[in-house]
Amino acid sequence: MLLLLRTMVLCAASFMLVGCETASLDSYVDPSYSAKDIRKVVVLPMTNSGITPGQAQELSRSFAQGMLRTNPTLEIMGAGEAIDKINAANLADEWAVFLRNYNTSGIPNTNIVKRIGAVLGVDAIIQGSVLSVSQKDSNGFDYPMTRVNVRYGAINAKTGAMLWEISSEGTIQPYSYTAAPIIDAVRLAHAKILSSIPK
């Protein structure tokens, strides 16, 4: 009887420590997309709203590895090499403006994409972004919550057309008074995206 009571208490305690974690998924693949036409890509570091540059690099490397598992014949340019080439061509500021404008308007500036693609010599540019972050601690009446929206998109480096886009919302509601770290919710959404990379 005592063993049963201890087991129940441990199960309840572990449930309270874990809380609730969910991740949704939304994706778009252009009807003209064909993986065989894309042989070399670059996965640039994700824009890092709410996470550190090191965490952004870690997630981008993880995404590149996920792409290789999905498409083993794909050649992926390293983010460090790509950053060096973009800076050498004085295009870093233009790319930052492109990302800001694209994330707000949804209309890609194909001229910037083509210039970056030509400098890098790739077929597609893959960019991840943390689009939104919402975080609140408990006020005593409701649970704390951390919610993020993460998006990865592949842009044809020769035409500027969007090849595919995957977004995921990651939500963590721990059973405590403080919200979970933003990176934990980002990793949750990121893992959901990794399971859906187009082939």
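Everything in this summary refers to the structure shown in the same document. Residues take numbers from 1 onward in each chain, read along the sequence in its written order. Side-chain atom pairs in this predicted model are given and counted only at pLDDT of 80 or more, local residue features only at pLDDT of at least 70, and totals for whole chains, interfaces and linings cover all residues. Derived side-chain values reflect all non-hydrogen atoms in the structure, with water molecules and hydrogen atoms excluded from consideration.

1. A word on the overall build of the chain
Part 1: Secondary structure elements are taken from DSSP: a helix is a run of H or I of four residues or more, a strand is a run of E of two residues or more, and numbering for both begins at the N terminus. In terms of regular secondary structure, the chain is built from six helices and six strands.
Part 2: In sequence order, the secondary structure elements of the chain are arranged as α-β-β-α-β-α-α-α-β-β-β-α.
Part 3: On the principal axes, the C-alpha backbone points of the chain span a range of 70 × 35 × 30 Å.
Part 4: Contacts between residues were defined by any pair of non-hydrogen atoms, one from each residue, lying within 4.5 Å. Look at the contacts in the chain between residues 6 or more apart in sequence, and 73% of them connect residues 24 or more apart.
Part 5: Surface accessibility follows the Shrake-Rupley procedure with a 1.4 Å probe radius. Residue values consider only the protein chains on display as shielding. Surface accessibility of the chain: about 10700 Å² in total, with carbon and sulfur atoms responsible for 57%.
Part 6: Neither His nor the chain termini are counted; the positive set is Lys and Arg, and the negative set is Asp and Glu. The location of each charge is read from NZ of Lys, CZ of Arg, CG of Asp or CD of Glu. Mean positive and mean negative side-chain charge positions of the chain (17 and 16 charges, respectively) differ by 4 Å.

2. Quick look at the pairing of strand S2 (residues 40-47)
Part 1: As judged from the three bridges shared by S2 and strand S3 (residues 75-77), these two strands associate in the parallel manner. Its bridge partner being in S3, Lys 40 is matched across the sheet by Glu 75.
Part 2: Looking down the strands as they point away from you, a crossover is right-handed if its path from the first strand over the helix to the second goes clockwise. With respect to chirality, the unit in which S2 leads through helix H2 (residues 53-70) into the neighbouring parallel S3 is right-handed.
Part 3: Judged from the five bridges that link them, S2 and strand S4 (residues 124-136) form a sheet pairing that is parallel. Paired with Val 41 across the strands is Ala 124, a residue of S4. A pair of strands is considered paired only if DSSP assigns at least 2 bridges between the two.

3. Structural notes on empty space enclosed by the protein
Part 1: Here a cavity is any set of points on a 1 Å grid over the protein atoms alone where a 1.4 Å probe fits but cannot get out, and a pocket is any open set with protein on both sides within 12 Å along at least 5 of 7 lines; a residue lines the site when it has an atom within 4 Å of a point. Grid points are joined across faces, edges and corners, and a volume is the space filled by probe spheres set on the points. Tallying each qualifying case throughout the model produces two cavities of 30 Å³ or more.
Part 2: If you add up the space inside the largest cavity, you get close to 80 Å³.
Part 3: Those elements giving two or more residues to the lining of the largest cavity turn out to be helix H4 (92-105), S4, strand S5 (145-156) and strand S6 (162-173).
Part 4: No other element matches the four residues that H4 contributes to the lining of the largest cavity.
Part 5: The nonpolar class holds Ala, Val, Leu, Ile, Met, Phe, Trp, Tyr, Cys and Pro. Asp, Glu, Lys and Arg form the charged class, and all remaining residues, Gly among them, are polar. A breakdown of the residues in the lining of the largest cavity according to their chemical character gives five nonpolar, four polar and two charged.
Part 6: The volume enclosed by the second largest cavity comes to roughly 70 Å³.
Part 7: Lining the second largest cavity, in full, are Tyr 33, Ala 35, Ile 38, Val 41, Met 67, Asn 71, Leu 74, Ala 124, Ile 126, Ala 154, Leu 163 and Trp 164.

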